[in-house]
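Descriptive analysis of the structure
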Amino acid sequence: MNRKVKIFLFIFISIFLNLGTSILIFDVLHIPLFLDTIFTVAIVFYLGLLPGLAVGFCYNFIDVLFNYLVRGIFSPTNIFFSLCGVAITLVTWAFARRKEEFKISPMVTILYLLLISVISSFVTILIGGTIDFIRFTYLDIPDSMAPIRQFTESFVSQRFSLFASCILGQIPISITDRLIATFAGFCVYKLLVKFFGPAEEL
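Residues numbered from 1 in each chain as written. Predicted model: local features only at pLDDT ≥ 70, side-chain atom pairs only at ≥ 80, totals over all residues. Heavy atoms only, no water.

Looking at the layout of surface pockets
Considering only enclosed or pocket space, the largest pocket measures out at about 210 Å³ in volume. Partitioned by chemical class, the residues of the lining of the largest pocket number six nonpolar, no polar and five charged. (1 Å grid on protein atoms, 1.4 Å probe; cavity = no way out; pocket = protein on both sides within 12 Å on 5 of 7 lines; lining within 4 Å. Points joined across faces, edges and corners; volume = space filled by probe spheres on them. Nonpolar A, V, L, I, M, F, W, Y, C, P; charged D, E, K, R; others polar.)

Printed below as a string of C-alpha cells:
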C-alpha cells in the first residue's frame, strides 16, 4: 500500500478514535473529561507535525456533525475549539520532534510529557476560556460540556468577571484532561511503533 494512503488512513482512523474515546468517557462513563486528543498526540509523535495538525484541526468538524446528528445539538462554535487541537499539536511537536531525547531515561521522558501537559494546558485554557466567553456573552447555544459551565458560573457567583470565570472554569478539567491525554497518547505512539514499525518504514 502507498505510504501516503497509509498516512491518510492513520489520520482518518485517529479522528474517529478520538471521537469514540470522548463518547466512551463522557457519554457512557459520565466522566467530565474530553480525552479527545489522545490519538492526536500519538499521531504527532508517530507521523509528525502535518498529520498531527490534520487530526487536531479536523476532529472538531466531525464532533459538530456528530452532535447534530446524534445528540440533536447544533453548536457551530465548537468548530473554533479546533484551535485547541492545533495548539496541542504544535506544543506536542515542539518536544516530539526530538524523539532521541525521550530515550535518555524514563525520568526524562516523564519530565518531557509533564512539560507538554503543562504548556498545552495553559494554551488550551486560554483559548477555550476565550471561546466560552464569546459563546456565553453573545450566543445562546447548548453547552455539551456542562461541568465547565458549572465551574464558570460558580466563579461568576463569587463576583469574578465573566472572562476571568471562563478562564478559571477551564482549569480543573483541562489540566486533568491534558495530563491523561498526553501520557496516554505517548503510550499509543509506543504501541504504534511496536505493531507497525517506525513511521519511516510505512
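Brief notes about the environment of Ile62
Inspection of the secondary structure puts Ile62 in helix 3 (residues 49–71). Here Ile62 falls in the partly exposed class, since its relative accessible area comes to 25%. Considering only alpha carbons, one finds Ile62 and Phe16, 46 residues apart in sequence, at a separation of 8.2 Å. Apart from the residues lying within four places of it in its own chain, the contact partners of Ile62 are Ile15, Phe16 and Leu19. (Helix = DSSP H or I, 4+ residues; strand = E, 2+ residues; numbered from the N terminus. Buried < 20%, exposed > 50% of the residue type's maximum accessible area, 1.4 Å probe, protein only. Contact = heavy atoms within 4.5 Å.)

Description of the packing of helix 3 against helix 4 (residues 82–96)
With their axes 7 Å apart at the nearest point, helix 3 and helix 4 run at an angle of 160° to one another. One element, helix 3, and the other, helix 4, form an angle in the roughly antiparallel class. Taken as a pair, helix 3 and helix 4 cross one another with a handedness that is right-handed. Within the contact between the two elements, helix 3 uses Leu49, Gly52, Leu53, Gly56, Phe57, Asn60 and Phe61 and helix 4 uses Ser82, Gly85, Val86, Thr89, Leu90 and Trp93. Grouping the amino acids of the contact of helix 3 with helix 4 by side-chain chemistry returns seven nonpolar, six polar and no charged. (Axes fitted to C-alpha atoms, helices over the stretch in contact; angles between N-to-C directions. Parallel < 35°, antiparallel > 145°, perpendicular 65-115°, else oblique. Left-handed = near helix turned anticlockwise from the far one by under 90°.)

Observations regarding the side chain of Ser165
Within the secondary structure, Ser165 is located in helix 7 (residues 162–196). Residue class for Ser165 comes out buried when judged on its relative accessible area of 0%. Beyond its immediate sequence surroundings of up to four residues, Ser165 is in contact with Thr152, Phe155, Val156 and Phe160.

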